Every structure is written in structure tokens, then in C-alpha cells.
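Working through the structure, step by step
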Amino acid sequence: MKVLEINKEELIHNINIIKKINKVEDGLKSPEIIAVVKGNAYGLGLVEFSKILIEQGIEFLAVSTVEEALELRQNDIKCKILMLSSTGVEEDVKNLIDNNIILTAGSKEVLEAIDKEAKERNEKVKVHLKIDTGFGRYGFIYSEPLKIVEAINQTENIEIAGTFSHFSESYSKDSKWTSTQYERFLNVVENLQLNKINTGLLHICNSSAFFKYPYMRLNAVRVGSAFSGRILIPNIYGLKKIGILKTSVSEIKILPKNFNIGYSNTYKTKKETRVAILPVGYQDGIIMTTKNDCFRLVDHIRYIYNDVKNIIKDNNFYVKINNKRYKALGKIGMYNIVVDVGNDNINIGDEVFIDTKILYIDSKIRREYI
Ligand SMILES: *Cc1c(COP(=O)(O)O)cnc(C)c1O
């Protein structure tokens, strides 16, 4: 047995915090919240999570793949959905339009592909323009606004419903680069508008920028990780970290002294040791580091250091059984973890909780909202 257990009340708590922070005080319209549900909703379960968001009044979702968009529609989710990745692949474009998904266009070629399909159907298709302000992925290059104008003016059946860009390090303490990207974005928007392009809904903030730079929220914000309470900036907002992997002890045994545990013979018992075997492992998406998600250089170095240490030594990985922490011995296997339980009263079938990066937990593992 293994499930990813999510406390629904805590999720609603996070949604309410985000809504409250987003609220504009003086009666003006608050920015629209676009909930980003890519990556199986950051591990929280694409469909289940999206349904709760909708129950809580969120009316706009965003995904990164065609498959995610279609899965939402196949599960009767009818709200607005934005596909964040720009795609000019004919089959993708057809599928997205068939399912009433708002497309993203980040190049002249993609605009053309969408326009061609729209013309064949004799309908107007809604598109958000993606501007690359310094990420180097999808998007029209910010420094060539007239090329964007030209590309748009060549289309006939496209309705620009929004224009957006994405920050590459808005979690950083140094705000300079984020401000630069923001300025570049506003500049492109201004140029498009001067050329009579309707830019639609303007949005650039992800979770970190949403919290750190209220003035950058524009018409909408794209919030993803914050719903799960796992953000890359200090959590001073009271978000709860949600989602925990639950399994149960599948075997208990006593290993003699000097007995090897796991592949590569990285660990030998120092004395006779009573261990519990847990039926989960890296194939389920359990990764070895237990540090917080972070992408600063020092963390990278720390990760590398830990990885090397893990190869040489054991994992320093802990699980919780009956509210007590137990250490994993040896390397984590594909579908097993061995923990030292000493003489504690732990038996086959006892519940085990594993606090791990839920984003990586195999989407085949059931998400259970309690
Ligand atoms: C993932 C993503 C987001 C959400 O980012 P978080 O930091 O998780 O809130 C927003 N916009 C785009 C384009 C994304 O890919």
C-alpha cells in the first residue's frame, strides 16, 4: 500500500492565503489568479487538485503539455485553461482547439500554424502571446517588437487574449534581473499597443514574484508551487507544506552483526539490528536528499556534496513511524527502503510517513485527499 496523502483543509488554507494576498484593497478589480497545475499539479494530482481549486472559486488553470490539458477536459473540467508552452505542431494545435484550450504563441511560425487551423475551421482562436524577456525558451524575443507586430498583422483568425512573460530567478534576493525582465516586458507591451495590437490580459508573476513584487501583478498572476506550500523564498506567509507519502511496513526482521544492507554494499550492521522493510523506493520518485527545494549556487554545491557523500556512505534519509523518526540504512532501492527500528513496538502493517519532494512522486501513486 502506498498513497500520497493530502490534507484538504490545509490546501484550502493555502488557497485562501493566496487569494487574500492577491486582493486589491480599494475596490478595484484584483488580478485574476491563473492556477498553474503542470507536473501533475506539482505532485498534488492534476484532476483532484484542479477540482478543489475550482470549488474554491479559481476560474482559470494553466498547463504545460497537451496531455495535461486533455486530461482536464476528459475529466469534465470546463473552466478556462491556458496551455503555457508554445506549439506549432499541427496535431497539438488541432487537439488544443478541439478542446477549447487557450493557446500560447511564441513565434511567427506558431502564430501561422494556429491561424491556418483557425481559418480552416472558420473561427477565431484565442491566443496568449509569449514574450521571451531573458529565459531563452518559448517566446518572441523582447528586443524585436516590430517583428511581433508584423507576425500578428499577418494573421486573420487570431484573437490575442493575453500577453505574458516568465521570470528566470524571481526568488533571488537580488531583484535587479527580475526588474530588467519586467521592464523589457512592459516595453514590448507598450510597443504592441502603440501599433494598435490589443495585448489582452497581461501577466508575468509566478509564485515568488507574486509574493515579492505586488506591483508586478498586472492583470493576472500565474501561481503554481505556492499552493503546495513549497516556495523558493522564505515562507513568511503562513503557507502549509502539504502532501506526504504514506505506506506501511511490509516486513520486519533481525539482521546479524556485520550484515550488508542494499546494493553496492555501502552499509554493514554494527550490531544485531532489527529492521523494517518499506515497499517504496526511487522508482516511486523518492529522491535521496531531504533538503528544501532550492536553486541557489550554495544549494547546488551542497546537493553535489550530499550526493557524493551518499555514494560513499549511506543516505541520511528518515521516515516516520508512530510519530518517531527512523533512519534508512544502506542505499534506497527501486522499491524498498530498510530502516532501523531497534526494539520499538513496530509491526508489519504499521503506517509509515515519508516527507519527500512530492513533485517527483510517480503520478501512478494514488493521491488521497483527507
Ligand atoms: C511553472 C510556471 C509558473 C508557476 O511557477 P511557480 O513558481 O511554481 O508559481 C508560471 N508560469 C509559467 C510559464 C510556468 O512554467
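These numbers come from a predicted model, not from an experiment. (Residues numbered from 1 in each chain as written. Predicted model: local features only at pLDDT ≥ 70, side-chain atom pairs only at ≥ 80, totals over all residues. Heavy atoms only, no water.)

Another point: the overall build of the chain. Assigned secondary structure in the chain consists of 10 helices and 20 strands. Along the longest, intermediate and shortest principal axes, the C-alpha atoms of the chain span 80 × 45 × 40 Å. Taking all 370 residues of the chain together, the buried fraction comes to 50%. About 18,200 Å² of surface is accessible on the chain, with carbon and sulfur atoms providing 51% of the total. (Helix = DSSP H or I, 4+ residues; strand = E, 2+ residues; numbered from the N terminus. Buried < 20%, exposed > 50% of the residue type's maximum accessible area, 1.4 Å probe, protein only. Areas by Shrake-Rupley, 256 points an atom, 1.4 Å probe, with all protein chains shown as cover.)

Further remarks concern the packing of aromatic side chains. This model, assessed by the stated rule, comprises 5 aromatic pairs. With centroids separated by 5.0 Å and ring planes inclined at 65°, the aromatic side chains of Phe-210 and Phe-211 adopt a geometry described as edge-to-face. Judged by relative accessible area, Phe-210 falls into the buried class, the value being 0%. Between the aromatic rings of Phe-211 and Tyr-237, the centroid separation amounts to 4.2 Å while the plane-to-plane angle is 20°, which identifies the pairing as stacked. With Phe-211 in helix 9 (residues 207-212) and Tyr-237 in the loop between strand 10 (220-223) and strand 11 (244-248), this residue pair connects regions lying 26 residues apart in the sequence. (Phe/Tyr/Trp six-rings, centres within 6.5 Å; stacked < 30°, edge-to-face > 60°.)

Among the residues making up helix 3 (residues 46-55), those that are buried are Leu-46, Val-47, Phe-49, Ser-50, Ile-52 and Leu-53. Directly beyond the C-terminal end of helix 3, a positive phi value near 95° is found at Gly-57.

In total, this model carries 17 salt bridges according to the counting rule given. Residues Lys-94 and Glu-90 are paired through a salt bridge, measuring 2.6 Å at the closest nitrogen-oxygen approach. Highlighted residues: Lys-94 and Glu-90, both in helix 5 (residues 90-98), separated by 4 residues, approximately one helical turn. Judged by relative accessible area, Glu-90 falls into the partly exposed class, the value being 45%. (Salt bridge = Lys/Arg side-chain N within 4 Å of Asp/Glu carboxyl O.)

Looking at the ligand, the residues that line it are Val-36, Lys-38, Tyr-42, Leu-84, His-166, Asn-206, Ser-207, Arg-222, Val-223, Gly-224 and Ser-225. Within the side chain of His-166, one N or O atom sits 3.5 Å away from a nitrogen atom of the ligand. Ser-207 places a polar side-chain atom, nitrogen or oxygen, 2.5 Å from an oxygen atom of the ligand. Relative to its unbound accessible surface of 390 Å², the ligand loses 90% to contact with the protein. Elements represented by at least two residues in the shell around the ligand include exactly helix 2 (38-42) and strand 10. When grouped by side-chain class, the residues that make up the shell around the ligand number 4 nonpolar, 5 polar and 2 charged. (Near = heavy atom within 4 Å. Polar contact = N/O pair within 3.5 Å; in protein donor to acceptor, adjacent residues only side chain to side chain. Nonpolar A, V, L, I, M, F, W, Y, C, P; charged D, E, K, R; others polar.)

Moving on: the nonpolar core. Residues Phe-227, Ile-337 and Val-339 are the most contacted members of the largest nonpolar core, which totals 94 residues. Each of two domains, domain 1 (7-228) and domain 2 (244-369), supplies a minimum of three residues to this core. Counting 11 residues, the second largest nonpolar core, distinct from the first, contains Val-36, Phe-60, Leu-82 and Ile-102. (Core = buried A, V, L, I, M, F, W, Y, C linked by side-chain atoms within 4.5 Å. Domains from an automatic or database assignment.)

Turning our eyes to something else, we now look at unusual backbone geometry. At Asn-122, a position not held by glycine, the phi torsion is positive, near 60°. As for its position among the elements, Asn-122 is in the loop between helix 6 (108-121) and strand 6 (125-132). Its relative accessible area of 68% is what places Asn-122 among the exposed residues. Residue Asn-323 is not a glycine yet carries a positive backbone phi of 65°.

Attention now goes to a nonpolar patch on the surface. Where nonpolar side chains cluster on the molecular surface, the patch consists of Tyr-282, Met-334 and Tyr-335 and spans about 310 Å² of accessible area. As for its position among the elements, Met-334 is in the loop between strand 17 (324-327) and strand 18 (337-340). (Patch = residues over 30% accessible without salt bridge, like charges linked within 9 Å, V, L, I, M, F, W, Y side chains within 5 Å.)

A word on the sheet that holds strand 15 (residues 273-278). The sheet built from 3 strands is open, its strands ordered 12-15-18 with antiparallel pairing. Taken across any chain shown, the strands that pair with only one partner, and hence form the sheet edges, are strand 12 (251-255) and strand 18. Sheet twist, expressed as the mean angle between neighbouring strand axes with direction ignored, is 30°. As judged from the 4 bridges shared by strand 15 and strand 18, these two strands associate in the antiparallel manner. Of the residues in strand 18, the one forming a bridge with Leu-278 is Ile-337. (Pairing = 2+ DSSP bridges. Axes fitted to C-alpha atoms, helices over the stretch in contact; angles between N-to-C directions.)

Here we come to the environment of Glu-351. Turning to its location among the elements, Glu-351 is positioned in strand 19 (residues 351-354). Assessed through its relative accessible area of 39%, Glu-351 is described here as partly exposed. Separated by 29 residues in sequence, Glu-351 and Asn-322 have C-alpha atoms that sit 7.2 Å apart. Not counting residues within four places of it along the chain, the set of residues in contact with Glu-351 comprises Lys-246, Thr-247, Ser-248, Lys-320, Ile-321 and Asn-322. Within the structure, Glu-351 has its side chain in polar contact with the side chain of Lys-246 (distance 3.4 Å). (Contact = heavy atoms within 4.5 Å.)

The next subject is the domain arrangement of the chain. Domains assigned within the chain are domain 1 (7-228) and domain 2 (244-369). Between domain 1 and domain 2, the residue contacts involve 12 residues of the former and 6 residues of the latter. Between domain 1 and domain 2, roughly 840 Å² of surface is buried when both sides are summed, and carbon and sulfur atoms account for 62% of that area. For the pair domain 1 and domain 2, the number of links is 0 salt bridges. Counting across the interface, domain 1 meets domain 2 through 2 residue pairs in polar contact (both at pLDDT 80 or more). (Buried area = accessible area lost by both parts, 1.4 Å probe.)

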